[in-house]
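# Commentary on secondary and tertiary structure
In case you want the letters, here they are:
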Amino acid sequence: MISALDVPLDLSQPPTITQQSPKDYIVDPRENIVIQCEAKGKPPPSFSWTRNGTHFDIDKDAQVTMKPNSGTLVVNIMNGVKAEAYEGVYQCTARNERGAAISNNIVIRPSRSPLWTKEKLEPNHVREGDSLVLNCRPPVGLPPPIIFWMDNAFQRLPQSERVSQGLNGDLYFSNVQPEDTREDYICYARFNHTQTIQQKQPISVKVFSMDSLNDTIAANLSDTDIYGAKPVTERPPVLLTPTGSTSNKVELRGNVLLLECIAAGLPTPVIRWIKEGGELPANRTFFENFKKTLKIIDVSEADSGNYKCIARNILGSTHHVISVTVKASPYWITAPRNLVLSPGEDGTLICRANGNPKPSISWLTNGVPIAIAPEDPSRKVDGDTIIFSAVQERSSAVYQCNASNEYGYLLANAFVNVLAEPPRILTPANKLYQVIADSPALIDCAYFGSPKPEIEWFKGVKRSILRGNEYVFHDNGTLEIPVAQKDSTGTYTCVARNKLGKTQNEVQLEVKDPTMIIKQPEYKVIQRSAQASFECVIKHDPTLLPTVIWLKDNNELPDDERFLVGKDNLTIMNVTDKDDGTYTCIVNTTLDSVSASAVLTVVARPNPPLDLELTGQLERSIELSWVPGEENNSPITNFVIEYEDGLHEPGVWHYQTEVPGSQTTVQLKLSPYVNYSFRVIAVNEIGRSQPSEPSEQYLTKSANPDENPSNVQGIGSEPDNLVITWESLKGFQSNGPGLQYKVSWRQKDVDDEWTSVVVANVSKYIVSGTPTFVPYEIKVQALNDLGYAPEPSEVIGHSGEDLPMVAPGNVQVHVINSTLAKVHWDPVPLKSVRGHLQGYKVYYWKVQSLSRRSKRHVEKKILTFRGNKTFGMLPGLEPYSSYKLNVRVVNGKGEGPASPDKMFKTPEGVPSSPSFLKITNPTLDSLTLEWGSPTHPNGVLTSYILKFQPINNTHELGPLVEIRIPANESSLILKNLNYSTRYKFYFNAQTSVGSGSQITEEAVTIMDEGKMAMASRQVDIATQGWFIGLMCAVALLILILLIVCFIRRNKGGKYPVKEKEDAHADPEIQPMKEDDGTFGEYSDAEDHKPLKKGSRTPSDRTVKKEDSDDSLVDYGEGVNGQFNEDGSFIGQYSGKKEKEPAEGNESSEAPSPVNAMNSFV
């Protein structure tokens, strides 16, 4: 048995209705009537019609034709025939040799849009506050019209909680107001089917207010008129519709339930809805018409019950209960479905429906009630079920099930088709299915056969049968792979078999990689006129061709050349406000689609504030308010208020104050005698807006000055004057016209009266004839035409300074060491300073060097010691030298006379290194050394110290020899040296204080000639073949050793050759000293021993630092040194001493490659 399976059209089958007109068919009377009836079957069915229950002979009506190969009727009414003539109930029958199918009863009715009946409409005179109902009463049309109210200008009348349209089309006023007076309340009825609009005559409404009625109008009103003498009063709610306290409503299942309550009252009542004994259904309940209409969609029997509307205002409430009953026209529980049976099979047709009231079920066969249809021994009717047993081919027929109650009916056709057919697969062979990995794969195997075939699925060339939970086998033959993977790709075979045979079909499945957006667009905040760019980088299966679409707010991108769509991005040039929105990148392939969205927020400086208003004007304050401009997507953080003084500085705007962005009013303090205008600037994170338009001007009254000039000073420019200066008041600070300044002064601590002058338009006054540098009390007071400012405070100034008259006395010098001395002096009397004491200057200079007895150009140095200090330190002196100094006091005018010159001497120090060391005349066992005396002996030289030691072929250092040389010598011949040996020399000078910096040099004695001759006599041995081979082998071994050494060095390793080479570096690659151009010395940073481990740190030959207990604050500000303002010296006196030579034989680190190569040559 096959249920609900389409029979291929090449096989015999009863008719099936495929298309028909609706049951209630309203047609346009101006157009041809088309009644549809389409069916399929084998052989193709023929069609016939009934009209109002009797056969409709189409051939006898010239206006009616049937479409070829169809049952659709076309009624031609263009020849003056009225559509009403064809009103009625039509039913179509499709018949072939295997049965007959029938359509629904199709009720044909032409639409109607009648005109309003003529009626005389009286004007409506209503008292203010009363309720009013304007009746529409539209003509009865088919279908019912849509009602709306407009005026003569075809503008919809505004509706609100007070004025609204009811479901019946009437216009309800809960209370009328004077603005409701008009003469063009017009009700319109729109008939959509005929696309016509009918208009009711205009209705006039005049609202009277008792306060505005004059006596003449009141006298013309009768005592019974509604216009009593009562004024407008508030009234509690009264329902205008529905009337009474209860009402009933019946609605059909699945329809929309509309309940309405409109109330009169003053103030306008508010409507609330509840369901008694339950809740209003969520997600299906809506409130319309200002909550006057309750709307519940898709109602069911559960929505039956009592619904209460409550109208309430401040004076009370009223309510109405609507009892709702939900009925139901028949609806299917189980509709009958086509049966395909093979001869001898059993089957059933089931027809189950429900409704309220419960529908009755009746069966027909081939359009004839089954009770009077020909007998068929294979069938048995059991209420809503027909049972078939051992059917034969003659049992084929079409059965109709009719379920009906008082609210409607359902009609369904289902055929029984008895066939004997082997299996056939309807899905095309080798069909290719493509899916995305990790998504379901549905592989079709549409089949037919009678009896119903069994379906099996196999995969691959080995034809393994598919079973298990990883597959889903559907009744229609479809194979579902819930989660397809890449290994699901392959060939799938569907096999269909029944007792009449079997067939199979192969299809292909390809599983593709999913399309992904690996770089999604991101949220952007972009300033106006800037550039925005969104990325959308994708990854996809290489066999799929993706297309990328960009949307803005789910619509196509604007047709604007500013939008540039690239391969992986979208760029928006010169962004504007209208570009704000959500941008979506959609990537489509033939198999999948992915998308990603990002929001673009266009920000800009805010628009300027609007509508500046000045209120609360007082003499010293005013309130400013404004309306903020557009924020442009960036919140306003604050407002800046500026003012213009049109009286004193027109066109110049000054900062007044600022307030938070949430504030739009500010109380501003004002100054007298200012013609104010204000403007406001809005500020957000992007920047400041343009200024607002200026406010109106506001001129404040004049007043005495509130303040006096600031920064008053008295400083003499000459010894006999006093210059008084101040900062003038700004224009708005004058508080009135005629601004002047009263300048007053008197000598301090002297019983003098104040001397005063009044000046204008200046900020300086000079008092002449004053004593030199005496204190004065000074004050400057502002005044204008209205009076004086408050009494000013006094300041102390001084008349002009003169040069100091006295030099410091009792100057003493204490020499601390060879480079540092301390000077003391007695302070001068303050009266002799004749000005502000700024400090003391010490002038000192070197007279001569005691070691050379030669004078040179005198270069004076100056140290300044600020304040009233009476001592200071003199750093950077040269040892063993004669110096002079003097001291002078300093004030604001300049320096006083110098103290008598004071002579002092510095003691000896250690000398500098010898100026040079040369080694000449090398012999087999001697070398000649020549040297120059130190450039700076820093005392009397006592001797020279020479140290030297040999360096053997393995770069090891030999024993160290030391020789003391008299100071008057300048050369030395060293004898008894080893021939062909390299020596390293260390040379320095000494004074009685100690040794100075050393200088180093290297030299080599020459080779012994006798040994050279012996080597020449052995040349004949070297020409022998065995000797040449031996030397070649040695050379090869040496080459291999070199390569290994270089590889180890590149890897950071150390080896003995390097250690020894560092101890004996090539003099030609030694670094040059910066000061004298000699070669750098070997030194050790750890101690003062001779050369060790190949250290090449050069000596700087600086003077050794001596211990001192003096504080650095005692050093003055030297012209040639570094000193702090308080006179403290921040220089450094000492340097590093040349390191001593190394003793003994010690290994050194690996040499450079250059020296390594030299050692092998």
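A brief look at the structure comes next. (Residues numbered from 1 in each chain as written. Predicted model: local features only at pLDDT ≥ 70, side-chain atom pairs only at ≥ 80, totals over all residues. Heavy atoms only, no water.)

### Brief notes about unusual backbone geometry
- The linkage connecting Leu142 with the following residue, Pro143, adopts the cis geometry, with an omega of -10°.
- For Pro143, the location among the structural elements is in the loop between β14 (132-134) and β15 (146-150).
- Here the residue pair Leu266 and Pro267 is connected by a cis peptide bond, since its omega of 0° sits within 30 degrees of zero.
- With respect to the secondary-structure elements, Pro267 resides in the loop between β24 (262-266) and β25 (270-275).
- Positive phi, close to 55°, is recorded for Gln195, a residue that is not glycine. (Helix = DSSP H or I, 4+ residues; strand = E, 2+ residues; numbered from the N terminus.)

### Notes on the state of the cysteines
- Counted under the stated rule, the structure contains 6 disulfides.
- Across the disulfide from Cys136 sits Cys187; the S-S distance is 1.9 Å. Measuring the twist about the S-S bond at about -70°, one finds the Cys136-Cys187 disulfide to be left-handed. Taken as a pair, Cys136 in the loop between β14 and β15 and Cys187 in strand β18 (residues 182-191) lie far apart in primary sequence, 51 residues in all.
- Overall, the relative accessible area of 0% leaves Cys187 in the buried class. (Disulfide = S-S within 2.5 Å. Buried < 20%, exposed > 50% of the residue type's maximum accessible area, 1.4 Å probe, protein only.)

### Focus on the sheet that holds strand β44 (residues 464-465)
- Strands sit in the order β40-β48-β47-β43-β44 across an open sheet of 5 strands; the sheet is mixed. Only two strands of the sheet have a single neighbouring strand rather than two, namely β40 (432-436) and β44.
- With 2 bridges connecting them, strand β43 (residues 454-459) and β44 associate as antiparallel partners. Bridging across to β44, Lys459 finds its partner in Ser464. (Pairing = 2+ DSSP bridges.)

### Considering the packing of aromatic side chains
- One pass over the structure, following the stated rule, counts 22 aromatic pairs.
- Both rings, one in Tyr944 and one in Phe987, keep their centres 5.3 Å apart while their planes meet at 15°; by these two values the pair is stacked. Of this pair, Tyr944 sits in strand β83 (residues 941-951) while Phe987 sits in strand β86 (residues 982-991), and the two are 43 residues apart along the sequence.
- For Tyr944, a relative accessible area of 2% puts it in the buried group.
- Overall, the relative accessible area of 0% leaves Phe987 in the buried class.
- Here the aromatic cluster, defined as three or more aromatic residues joined through ring pairs, consists of Phe148, Phe154 and Tyr188.
- Here Arg182 stacks its cationic end above the ring of Tyr185, 5.7 Å away from the centre of that ring. (Phe/Tyr/Trp six-rings, centres within 6.5 Å; stacked < 30°, edge-to-face > 60°. Lys NZ or Arg CZ within 6 Å of the ring centre and 35° of its normal.)

### Re the sheet that holds strand β46 (residues 479-481)
- If you walk across this open sheet you meet the 3 strands as β41-β46-β45, and the pairing is antiparallel. Of all the strands in the sheet, just β41 (441-443) and β45 (472-473) have a single pairing partner and so form its edges.
- Sheet analysis places β45 next to β46, joined by 2 bridges and oriented antiparallel. Its bridge partner lying in β46, Val472 is registered against Glu480.

### Let's talk about the nonpolar core
- With 30 residues, the main nonpolar core has Ile33, Ile35, Trp49 and Ile108 as its most contacted residues.
- Looking at this core, the elements that each hand over two or more residues are β3 (24-27), β4 (33-35), β5 (37-42), β6 (46-51), β9 (73-75), β10 (88-96) and β12 (106-110).
- Of the residues forming this core, the biggest block, 3 residues, is contributed by β10. (Core = buried A, V, L, I, M, F, W, Y, C linked by side-chain atoms within 4.5 Å.)

### Here's the deal with the environment of Ser396
- Its location among the elements puts Ser396 in the loop between β36 (385-388) and β37 (397-405).
- For Ser396, the residues in contact, after removing those within four places along its chain, are Arg98, Val416, Asn417 and Val418.
- Of the polar contacts made by the side chain of Ser396, one reaches the side chain of Arg98; its length is 2.9 Å.
- Here the side chain of Ser396 touches Glu393 through a polar contact of 3.2 Å, landing on its backbone oxygen. (Contact = heavy atoms within 4.5 Å. Polar contact = N/O pair within 3.5 Å; in protein donor to acceptor, adjacent residues only side chain to side chain.)

### A short note on the environment of Thr233
- Within the secondary structure, Thr233 sits in the loop between α1 (215-219) and β21 (235-241).
- Sequence separation between Thr233 and Gly129 is 104 residues; the distance between their C-alpha atoms is 7.3 Å.

### Remarks on a negative patch on the surface
- A cluster of like negative charges, contributed by Asp611, Glu613, Glu623 and Glu696, occupies part of the molecular surface.
- Along the polypeptide, Glu623 turns up in strand β60 (residues 621-627). (Patch = residues over 30% accessible without salt bridge, like charges linked within 9 Å, V, L, I, M, F, W, Y side chains within 5 Å. Areas by Shrake-Rupley, 256 points an atom, 1.4 Å probe, with all protein chains shown as cover. Salt bridge = Lys/Arg side-chain N within 4 Å of Asp/Glu carboxyl O. Lys, Arg positive; Asp, Glu negative; His and termini not counted. Charge placed at Lys NZ, Arg CZ, Asp CG, Glu CD.)

### What to know about a nonpolar patch on the surface
- On the surface, Leu1036, Leu1037, Leu1039, Ile1040, Ile1043, Val1044 and Ile1047 cluster together to form a nonpolar patch covering roughly 650 Å² of accessible area.
- For Leu1036, the position within the fold is in helix α5 (residues 1025-1050).

### Overview of the side chain of Gln733
- Counting through the fold element by element, Gln733 comes out in the loop between β67 (721-727) and β68 (740-747).
- You can call Gln733 buried: its relative accessible area is 17%.
- In contact with Gln733, other than residues within four places in its own chain, are Pro705 and Glu707.

### Quick look at the pattern of salt bridges
- With the rule as written, the count across this model stands at 37 salt bridges.
- The closest approach of N and O atoms between Arg679 and Glu642, which form a salt bridge, is 2.8 Å. Of this pair, Arg679 sits in strand β64 (residues 675-683) while Glu642 sits in strand β61 (residues 638-645), and the two are 37 residues apart along the sequence.
- Judged by its relative accessible area of 11%, Glu642 falls in the buried class.
- When the shortest N-O distance is used, the salt bridge between Lys984 and Glu1002 registers 3.9 Å. A residue pair is termed long-range when its members are at least 10 positions apart, and Lys984 in strand β86 and Glu1002 in strand β87 (residues 999-1004) qualify at 18 residues. With respect to burial, Lys984 and Glu1002 carry one shared label: buried.

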